[in-house]
Amino acid sequence: MDSGPYQPVAVLGAGTMGHSIALAAALAGRPVRLWGISPEDLAQARRRILEKLRTLSAEGALPAGEEGVLNRIKFVESLSAGVDGAVLIVEAIPEDLAHKQAFFCDVESQCGRDAVIASNSSGLSPTAIFERIASPDRALVAHFWNPAHLMPLVEVVPGRCTHPNAIRRVIDTVGQMGKRAIVVHKEVPGYIGNRLQYALFREAQYLLEQGVASAADIDLAAELTLGRRLGVTGPFRTADMGGLDVFEAISAYLFPTLSAGREPGGELRALVSQGAVGEKAGRGFYPWPDEEMRRMDGARERDLIRRWVQDRDASTDE
Ligand SMILES: NC(=O)c1ccc[n+]([C@@H]2O[C@H](COP(=O)([O-])OP(=O)(O)OC[C@H]3O[C@@H](n4cnc5c(N)ncnc54)[C@H](O)[C@@H]3O)[C@@H](O)[C@H]2O)c1
């Protein structure tokens, strides 16, 4: 089946990821069906999409009107209407293996035979996710990052049965949505991005618990050192540019001292058990009064929009 730019995409699950994946596809001109579990779920997704479109517009990043993009998204409560005619189906329901397995049996029974079926899992095995469906050859993980309309990379993770054709079609479709795709050749929990992210998070927690520095200073060290460079050079290019002999010497004395913790850190556990789960609860490693929430959300979104526009302009110049 044609995976061309005007073929519909279905997004199943209308939460944090679902609404922003739907927006990414609609911004690229695709007709989108966004499925949610209830009218309230869908109404919230619609509000969040509209809010994001208004921010894009206020930042001068949306050439045409907001309505045109919004009108490409059909908000549906019936799964069969959601998957109807879709060439790519992206699932974004909660990260629960048994639940995803059962959900995909329903999806498969209602979608077209040629549709590629993708899960936006953050790190579960695609072979396991799709083990109960009859056609795992057309199924795989397509891991978008949050917020999906602005983050430029998708990790494509085939399972044991995935056909190369499904991989190619997902890469083409997300490419048309302005995303770069990388293929993860081996199924490892967390794929690549989350493994790197959690390696850093584990060490950050360890430094905090050892009293090496405050959470704010550990954040600053990451933001103003690695963070400044990471958008330009990843770990291997950075090492090449710094000198592999230097990186080898430092690795030799540093690796034995790095955290090898096998569980979430004590401070993290304590915060979660007190309900201090971060921004959404008003308290986490930091206090999150409303004003701070607005300041940080705005700062991060504006920075991501600036880079998104840069990427978009660079690709149209090519
Ligand atoms: N939040 C992130 O930063 C992020 C990033 C990348 C990938 N992911 C992955 O994306 C998926 C969705 O995460 P999210 O953060 O958008 O979750 P979420 O809780 O914000 O949204 C989940 C959505 O799934 C639907 N849903 C809820 N309960 C359901 C049920 N019992 N059965 C079927 N559908 C149900 C609803 O539409 C709900 O809005 C997960 O697999 C998650 O690991 C999350």
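Please refer to the structure higher up on the page.
Draft legend 1. Representation of the site of the ligand in the model. By nearness alone, 21 residues border the ligand, and Met 17, Asp 41, Glu 95, Lys 100 and Ser 122 come closest of all. Here Thr 16 contributes a backbone N or O atom positioned 2.9 Å from an oxygen atom of the ligand. Contact distances for the ligand include 2.6 Å between an oxygen atom and a side-chain N or O atom of Ser 122. Protein coverage of the free-state accessible area of the ligand, which is 830 Å², stands at 73%. Only helix 1 (16–27) and helix 5 (97–110) provide two or more residues apiece to the shell around the ligand.

Draft legend 2. Summary view of a nonpolar patch on the surface. A contiguous nonpolar surface patch, about 640 Å² in accessible area, is contributed by Val 246, Phe 247, Ile 250, Tyr 253, Leu 254, Phe 255 and Leu 258. By secondary structure assignment, the location of Tyr 253 is in helix 11 (residues 244–254). On the basis of relative accessibility, which here comes to 57%, the residue Tyr 253 falls in the exposed class.

Draft legend 3. Just the packing of helix 2 (residues 39–58) against helix 13 (residues 290–317), in detail. For the pair helix 2 and helix 13, interaxial distance at closest approach is 11 Å and the crossing angle is 65°. When the interaxial angle is binned, helix 2 and helix 13 end up roughly perpendicular. For helix 2 against helix 13, the interelement crossing comes out right-handed. Between helix 2 and helix 13, the residues in contact are Lys 52, Thr 55 and Leu 56 and Glu 301, Ile 305 and Trp 308, respectively. Split by residue class, the contact of helix 2 with helix 13 holds 3 nonpolar, 1 polar and 2 charged.

Draft legend 4. Representation of the layout of surface pockets in the model. In this structure, the second largest pocket encloses a volume near 480 Å³. What lines the second largest pocket is a set of 18 residues, and nearest its centre among them are Tyr 198, Ala 199, Arg 202, Gly 261 and Glu 263.

Draft legend 5. Expanded view of the packing of aromatic side chains. Under the criterion given, the structure shown has 5 aromatic pairs. Ring centres of Tyr 198 and Phe 201 lie 6.1 Å apart, and the angle between their planes is 85°; this geometry places the pair in the edge-to-face category. You can see Tyr 198 and its partner Phe 201 sitting in helix 8 (residues 193–209), 3 residues apart, about one turn around the helix. Put simply, the rings of Trp 35, Phe 103, Phe 104 and Phe 130 touch in pairs and so form one group of aromatic residues. Positioned above the aromatic ring of Trp 308 is the side chain of Arg 312, whose terminal nitrogen or guanidinium carbon lies 4.9 Å from the ring centre.

Rules and cut-offs
- Residues numbered from 1 in each chain as written.
- Predicted model: local features only at pLDDT ≥ 70, side-chain atom pairs only at ≥ 80, totals over all residues.
- Heavy atoms only, no water.
- Near = heavy atom within 4 Å.
- Polar contact = N/O pair within 3.5 Å; in protein donor to acceptor, adjacent residues only side chain to side chain.
- Areas by Shrake-Rupley, 256 points an atom, 1.4 Å probe, with all protein chains shown as cover.
- Helix = DSSP H or I, 4+ residues; strand = E, 2+ residues; numbered from the N terminus.
- Patch = residues over 30% accessible without salt bridge, like charges linked within 9 Å, V, L, I, M, F, W, Y side chains within 5 Å.
- Salt bridge = Lys/Arg side-chain N within 4 Å of Asp/Glu carboxyl O.
- Buried < 20%, exposed > 50% of the residue type's maximum accessible area, 1.4 Å probe, protein only.
- Axes fitted to C-alpha atoms, helices over the stretch in contact; angles between N-to-C directions.
- Parallel < 35°, antiparallel > 145°, perpendicular 65-115°, else oblique.
- Left-handed = near helix turned anticlockwise from the far one by under 90°.
- Contact = heavy atoms within 4.5 Å.
- Nonpolar A, V, L, I, M, F, W, Y, C, P; charged D, E, K, R; others polar.
- 1 Å grid on protein atoms, 1.4 Å probe; cavity = no way out; pocket = protein on both sides within 12 Å on 5 of 7 lines; lining within 4 Å.
- Points joined across faces, edges and corners; volume = space filled by probe spheres on them.
- Phe/Tyr/Trp six-rings, centres within 6.5 Å; stacked < 30°, edge-to-face > 60°.
- Lys NZ or Arg CZ within 6 Å of the ring centre and 35° of its normal.

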